[in-house]
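The lines below spell out each chain.
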Amino acid sequence: SGVSILRYDLASNQMEETPFVQVMPGTGDNIKAMDQLPNGTKMKCYWMGLGGKYARPFSLLKFIADKPWLTSLILAAVPYRMVIELIPKWTALAVYDERGRLVETLIDDGSGSSSSSEATGGDGKKKK
């Protein structure tokens, strides 16, 4: 188990039963439909910023993902700031194709941000 992504069909006003993404490599935010991969290759895909990862051998996020009652209990008993500190920080970008298959994951080497929630495309040129 873990975090998955479901699709909601606006035309039929219904949630699709099969997850679009089965299990993500971490916690995601801000899914963006894009017309190209991060390297500029033309391809319809989805970009998602990842701000936390599942740490081995134990991940609190993964453990509570399918237990909403436990999530509520933890958030009621433990200050939110402390809960956030327990999540391993990670800055990454996950790219999925139109069928929800992971195409690539770009991971910060630790020199940038401690987490991310959104990614945008650029022209691929380094700034001076």
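Note that the structure is predicted; figures quoted are calculated from it, not measured.

Criteria and cut-off values
- Residues numbered from 1 in each chain as written.
- Predicted model: local features only at pLDDT ≥ 70, side-chain atom pairs only at ≥ 80, totals over all residues.
- Heavy atoms only, no water.
- Helix = DSSP H or I, 4+ residues; strand = E, 2+ residues; numbered from the N terminus.
- Buried < 20%, exposed > 50% of the residue type's maximum accessible area, 1.4 Å probe, protein only.
- Contact = heavy atoms within 4.5 Å.
- Areas by Shrake-Rupley, 256 points an atom, 1.4 Å probe, with all protein chains shown as cover.
- Core = buried A, V, L, I, M, F, W, Y, C linked by side-chain atoms within 4.5 Å.
- Phe/Tyr/Trp six-rings, centres within 6.5 Å; stacked < 30°, edge-to-face > 60°.
- Salt bridge = Lys/Arg side-chain N within 4 Å of Asp/Glu carboxyl O.
- pLDDT = per-residue confidence, 0-100.
- Polar contact = N/O pair within 3.5 Å; in protein donor to acceptor, adjacent residues only side chain to side chain.
- Patch = residues over 30% accessible without salt bridge, like charges linked within 9 Å, V, L, I, M, F, W, Y side chains within 5 Å.

## What to know about the overall build of the protein chain
(1) Moving on: A tally of regular secondary structure across the protein chain gives 3 helices and 6 strands.
(2) Moving on: Ordered by position from the N terminus, the helices and strands of the protein chain form the series β-β-β-β-α-α-α-β-β.
(3) Moving on: Considering the protein chain as a whole, with its 128 residues, one finds that 26% of them fall into the buried category.
(4) Moving on: Considering only contacts within the protein chain whose residues lie at least 6 apart along the sequence, 54% involve residues at least 24 apart.
(5) Moving on: Accessible area for the protein chain stands at about 9,100 Å²; split by element, carbon and sulfur atoms hold 54% of it.

## Remarks on the nonpolar core
(1) Moving on: In terms of nonpolar packing, the biggest core is built from 9 residues, these being Ile5, Phe20, Val21, Met24, Met48, Leu50, Ala92, Ala94 and Tyr96.
(2) Moving on: Elements with a minimum of two residues in this core: β4 (42-53) and β5 (89-97).
(3) Moving on: Looking at this core, the element that brings in the most residues is β5, giving 3 residues.
(4) Moving on: Excluding its chain neighbours within four sequence positions, the residues that come into contact with isoleucine 5 are Pro19, Phe20, Val21, Met24, Ile31 and Met48.
(5) Moving on: By size, the runner-up hydrophobic cluster in this structure holds 6 residues, among which are Leu37, Trp47, Leu93 and Val95.

## Looking at unusual backbone geometry
(1) Moving on: For asparagine 13, which is not a glycine, the phi torsion comes out positive at approximately 65 degrees.
(2) Moving on: With respect to the element layout, asparagine 13 can be found in the loop between β1 (8-9) and β2 (14-15).

## Looking at the packing of aromatic side chains
(1) Moving on: Here the structure, examined in full by the defined rule, presents 1 aromatic pair.
(2) Moving on: Taken together, a centroid distance of 5.3 Å and an interplanar angle of 80 degrees make the contact between phenylalanine 20 and tyrosine 46 edge-to-face. Within this pair, whereas phenylalanine 20 is found in the loop between β2 and β3 (26-36), its partner tyrosine 46 is found in strand β4, the two being separated by 26 residues in sequence.
(3) Moving on: Judged by its relative accessible area of 12%, phenylalanine 20 is buried.
(4) Moving on: Of the residues examined, tyrosine 46 reaches a relative accessible area of 24% and is grouped as partly exposed.

## Points about the pattern of salt bridges
(1) Moving on: Tallied over the full model, the rule gives 2 salt bridges.
(2) Moving on: We note a salt bridge from aspartate 35 to lysine 44, for which the minimum N-O separation is 3.5 Å.
(3) Moving on: Overall, aspartate 35 belongs to the exposed group, its relative accessible area being 53%.
(4) Moving on: Among the salt bridges present, the one from arginine 101 reaches aspartate 97, with a minimum N-O distance of 2.8 Å.
(5) Moving on: Residue classification places aspartate 97 among the buried positions, given a relative accessible area of 9%.

## Side note on the confidence of the model for the protein chain
(1) Moving on: In the predicted model, the protein chain carries a mean pLDDT of 78, and the fraction of residues at 70 or more is 73%.
(2) Moving on: Per-element confidence in the protein chain is highest for β2, whose mean pLDDT is 92, and lowest for helix α1 (residues 60-64), whose mean pLDDT is 72.

## Quick word on the side chain of aspartate 97
(1) Moving on: You can see aspartate 97 is positioned in strand β5.
(2) Moving on: Polar side-chain contacts of aspartate 97 include one of 2.8 Å to the side chain of arginine 101.
(3) Moving on: The contacts of aspartate 97, once residues within four sequence positions are left out, are Phe20, Met43, Lys44, Tyr46 and Val103.

## Considering a nonpolar patch on the surface
(1) Moving on: A cluster of nonpolar side chains, Leu6, Tyr8, Leu10 and Met15, forms an exposed patch at the surface whose accessible area comes to about 440 Å².
(2) Moving on: Mapped onto the fold, methionine 15 is located in strand β2.

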